[in-house]
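# Descriptive structure summary
Residue-level listing of the chains:
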Number of protein chains: 2
Amino acid sequence: MTETRRGRPRKAEVDAEVLRLATELLLERGYGGLSTDEVAERAGIAKTTLYRRWPTKDHLALAVVRRLQDHDEITDTGDIERDLVDYMEKIAAGLDRMRTAGGDPGRSAGTVAELVAAGARHDDVGELGREMYARRNALACRLIEGARERGALRADLDPAVLLEQLAGALYYRVLITGEPVDRAYAERLVATALRGALA
Amino acid sequence: MTETRRGRPRKAEVDAEVLRLATELLLERGYGGLSTDEVAERAGIAKTTLYRRWPTKDHLALAVVRRLQDHDEITDTGDIERDLVDYMEKIAAGLDRMRTAGGDPGRSAGTVAELVAAGARHDDVGELGREMYARRNALACRLIEGARERGALRADLDPAVLLEQLAGALYYRVLITGEPVDRAYAERLVATALRGALA
DNA sequence: CCCTTTCCGCTACCCGCGTAGCGTATAGGG
DNA sequence: CCCTATACGCTACGCGGGTAGCGGAAAGGG
C-alpha cells in the first residue's frame, strides 16, 4: 500500500508552516489579502516550491479551510426539531469561523463566496469541497432517517430535500442577501420546514 | 431633476458596444474568459475609457447579467403550489441563461459563483445584486400572501422564510453540490416545503 | 559508484486587473 | 471668446497569479 518514494523527499516542515501562514493571512485579511507571493516570502521558500504542493491559490485556500472545519459532530437527542436547529447553528458557526478578523459575526460571505467560485474554477477543488459537505450531510441524513423510522417524520419524506431546504436557506442568507444567521432564525426556519406552509 | 451635464459628454455608442462585446465574451468563455483588455481592444477604445464607466471588471460583469435577467414576471393562477413551481423554474431558467456556451444545461455555477463573490468584494455590486433579488422576491411575497389571505396557507407563515427555503435549496444545488435543477426537482421541493416534514 | 528521480531555490517572464499622468478634444457658462 | 469641467487616447507602471528553465541537492536502485 505504501508507495516507495523516489527521488529527493520534500521538506516536511514546509507544508505545516505554509498552512499556518496562509491561515493567518486568510483570517486576518480575507481571500484577496491572501497572497502566494507573500506566503512564500514569509515562509522563506521559493514560490515554485509552494506551487509544487498547491497548484493554485484556490487549492491552498481550500486546504486552509478544510483544516478549520474538521471538527463537526452531530448530536441526536431524539428531539428532531431541536437536533436540526443545533445542526443549523453548527453550520453557521462553521461559516463564522472563516470570517475576516474584526468583521461582524455572521458576515463571512467574502471567503465563502470566493471558495464557492474556486470550486467552480477547478474541478478538483469543487470535488474536495463537495466531499466535505457530503460527509457532514450523511450524518444529518441518518438523523432524519432515524426520526422518520420512529414515526416522527412523514414516511415519504426525502431527507436530502429537507436538508437542502434548511442548509440552502442558510447559505442563501449568507451568500446572497447578506442577512445574519442566528439561533432565532434557525428556529423559525426549522419550524417552518417541519410544519409546512399549508393551512 | 435632470442634472445639467458639464464638460465633454461621453460618446454614447461606447456603452452599448462594450456591453455587447462583454456579453458575448462572458457567455462564450465564462467569467475568467472575460478580459477588460480584450473588450477595450475589440471595442476600439482605451482601457481607461472603459474603466471610467465600470470601475472594475466585476461591475461590468454585473451590468451584463442585469441586462440578461430583466424580464421576469410571476403568474398567479390561484393554485399556489403550481405558481411556486413555475417560479422555481423561472429562477432556474434565469441561471441557465448565463451558463457558458456549450456547457451543460443547469451548470451555470461558474458565472453565478463569480458574481456572488463579486458582490462580496464590492459593496455597491452586492447592493445592486440584492436589488435584483429584492424586486423579484417582492412579487413572490405578494403571491404567497395572497394565498395566505384566502386561507390556502397557514396564517402564521412568514413568506420570506418560505422563499428562502425554496430559492435557497435551488442555489444550494447550483452553487454547492452542482446537481442539476429541473422541473421534477422543483415539484418535489415545493411539495415538501408546503406539506412539511412532520408525520 | 553512478544514474535516475524528485525536490529546491533562483531568475526571468507572461498575463490580466487597475492606476497615474500627459496632451488633446469637446461641451456649457460667464 | 475664453474658462472650466469632463472625456478621450496613449504610454507606462505596479501588483498578484502562475510558468519556464536552469544548476544544484538529496534520496533510492542497479
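Computed from a prediction, not measured in an experiment: that's the story for all the values here. (Residues numbered from 1 in each chain as written. Chains lettered and ligands numbered in written order. Predicted model: local features only at pLDDT ≥ 70, side-chain atom pairs only at ≥ 80, totals over all residues. Heavy atoms only, no water.)

## Structural notes on the overall build of chain A
- Helix and strand counts for chain A stand at nine helices and zero strands.
- Taken from N to C terminus, the helices and strands of chain A fall in the order α-α-α-α-α-α-α-α-α.
- Projected onto its principal axes, the C-alpha positions of chain A cover 65 × 45 × 30 Å.
- Relative to all contacts within chain A whose residues are 6 or more apart in sequence, the contacts with residues 24 or more apart total 64%.
- For chain A, the exposed area adds up to about 10000 Å²; of that, 49% sits on carbon and sulfur atoms.
- Each charge sign in chain A was given a centre, from 31 positive and 34 negative side chains, and these centres are 5 Å apart. (Helix = DSSP H or I, 4+ residues; strand = E, 2+ residues; numbered from the N terminus. Contact = heavy atoms within 4.5 Å. Areas by Shrake-Rupley, 256 points an atom, 1.4 Å probe, with all protein chains shown as cover. Lys, Arg positive; Asp, Glu negative; His and termini not counted. Charge placed at Lys NZ, Arg CZ, Asp CG, Glu CD.)

## Some remarks on the relation of the copies chain B and chain A
- With an RMSD of 0.0 Å, the fit of chain B onto chain A corresponds to turning through 180 degrees and sliding 0.0 Å along the axis. Here the symmetry operator amounts to a two-fold rotation axis. Residues of chain B ranked by C-alpha distance from the rotation axis are headed by glycine 196 of chain B, positioned 1.7 Å from it.
- When you check the interface residues of chain B against chain A, 100% turn up at the interface there too, and the contact is symmetric in its surfaces. (Least-squares fit on C-alpha atoms with pLDDT ≥ 70 in both.)

## Focus: the packing of aromatic side chains
- Inspection of every chain in the model, using the stated rule, returns six aromatic pairs over all chains.
- Considering the side-chain rings of tyrosine 133 of chain B and tyrosine 171 of chain B, the 5.9 Å spacing of their centres and the 65 degrees angle between planes classify their relative orientation as edge-to-face. With tyrosine 133 of chain B in helix H7 (residues 123–149) and tyrosine 171 of chain B in helix H8 (residues 159–177), the pair connects residues that are 38 residues apart, well separated along the chain. In terms of burial, tyrosine 133 of chain B and tyrosine 171 of chain B fall into one category: buried.
- Three or more aromatic residues link up through ring pairs in this structure, and these residues are Tyr133 and Tyr171 of chain A together with Tyr172 of chain B.
- It is arginine 173 of chain A that lies over the ring of tyrosine 185 of chain A; its NZ or CZ is 3.8 Å from the centre. (Phe/Tyr/Trp six-rings, centres within 6.5 Å; stacked < 30°, edge-to-face > 60°. Buried < 20%, exposed > 50% of the residue type's maximum accessible area, 1.4 Å probe, protein only. Lys NZ or Arg CZ within 6 Å of the ring centre and 35° of its normal.)

## Concerning the domain arrangement of chain A
All names here are of chain A.
- In terms of domains, chain A is made up of domain 1 (12–67) and domain 2 (71–195).
- Averaged C-alpha coordinates put domain 1 and domain 2 at centres separated by 27 Å.
- Tallying the contact residues gives 14 residues for domain 1 and 18 residues for domain 2.
- The contact between domain 1 and domain 2 buries some 1300 Å² in all, and 67% of this surface belongs to carbon and sulfur atoms.
- Inspection of the region where domain 1 meets domain 2 yields one salt bridge.
- As a salt-bridge pair, aspartate 58 and arginine 121 come within 2.9 Å of each other at their nearest N and O atoms. (Domains from an automatic or database assignment. Buried area = accessible area lost by both parts, 1.4 Å probe. Salt bridge = Lys/Arg side-chain N within 4 Å of Asp/Glu carboxyl O.)

## Details of the interface of chain B and chain A
- With 42 residues of chain B in contact, the opposing surface of chain A contributes 42 residues.
- A buried area of about 3900 Å², summed over both sides, lies between chain B and chain A, and 63% of it is on carbon and sulfur atoms.
- Three residues stand out in chain B for area buried against chain A, namely Glu164, Tyr172 and Leu198 of chain B, and they jointly supply 18% of the buried area on that side.
- In this structure, arginine 121 of chain B and glutamate 114 of chain A form a salt bridge, with 2.8 Å as the shortest nitrogen-oxygen distance.
- Linking chain B to chain A there are 17 residue pairs in polar contact (both at pLDDT 80 or more).
- Contributions of two or more residues to the side of chain B that touches chain A are made by helix H6 (109–121), H7, H8 and helix H9 (183–195) of chain B.
- With 13 residues, the single largest contributor to the side of chain B that touches chain A is H8 of chain B.
- For the side of chain B that touches chain A, the class distribution of residues is 24 nonpolar, eight polar and ten charged. (Polar contact = N/O pair within 3.5 Å; in protein donor to acceptor, adjacent residues only side chain to side chain. Nonpolar A, V, L, I, M, F, W, Y, C, P; charged D, E, K, R; others polar.)

## Topic: the protein's contact with DNA strand D
- The environment of DNA strand D is formed by 25 residues, the closest being Thr36, Lys47 and Lys57 of chain A together with Thr49 and Arg52 of chain B.
- When atoms of DNA strand D within 4 Å of the protein are sorted by moiety, sugar and phosphate together comprise 64%.
- Within the side chain of tyrosine 51 of chain A, a nitrogen or oxygen atom sits 3.3 Å from a phosphate oxygen of DNA strand D.
- Within the side chain of arginine 53 of chain B, an N or O atom sits 3.0 Å from a phosphate oxygen of DNA strand D.
- Elements that contribute at least two residues to the surface near DNA strand D include exactly helix H2 (36–43) and helix H3 (47–53) of chain A together with helix H3 (47–53) of chain B.
- Looking at the surface near DNA strand D element by element, the count peaks at four residues for H3 of chain B.
- Within the surface near DNA strand D, the residues separate by chemical class into six nonpolar, eight polar and eleven charged. (Near = heavy atom within 4 Å.)

## Describing helix H8 (residues 159–177) of chain A
Residues and elements named next belong to chain A.
- With 19 residues, H8 should reach 27 Å at 1.5 Å per residue; the first-to-last C-alpha distance of 26 Å fits that figure.
- Most of H8 sits out of view: 18 of its 19 residues are buried.
- You can read the cap of H8 off the contacts: a side-chain oxygen lies 2.9 Å from the backbone nitrogen of alanine 160, and it is on aspartate 158.
- Positive backbone phi, at 75 degrees, marks glycine 178, one or two positions downstream of H8. (Expected span 1.5 Å × (residues − 1).)

## What to know about the environment of proline 105 of chain B
Residues and elements named next belong to chain B.
- Considering the arrangement of structural elements, one finds proline 105 in the loop between helix H5 (80–96) and H6.
- The spatial distance from the C-alpha of proline 105 to the C-alpha of leucine 27 is 13 Å, given a sequence separation of 78 residues.
- Those residues within four positions of proline 105 in sequence are excluded, and the remaining contacts are Asp96 and Arg99.

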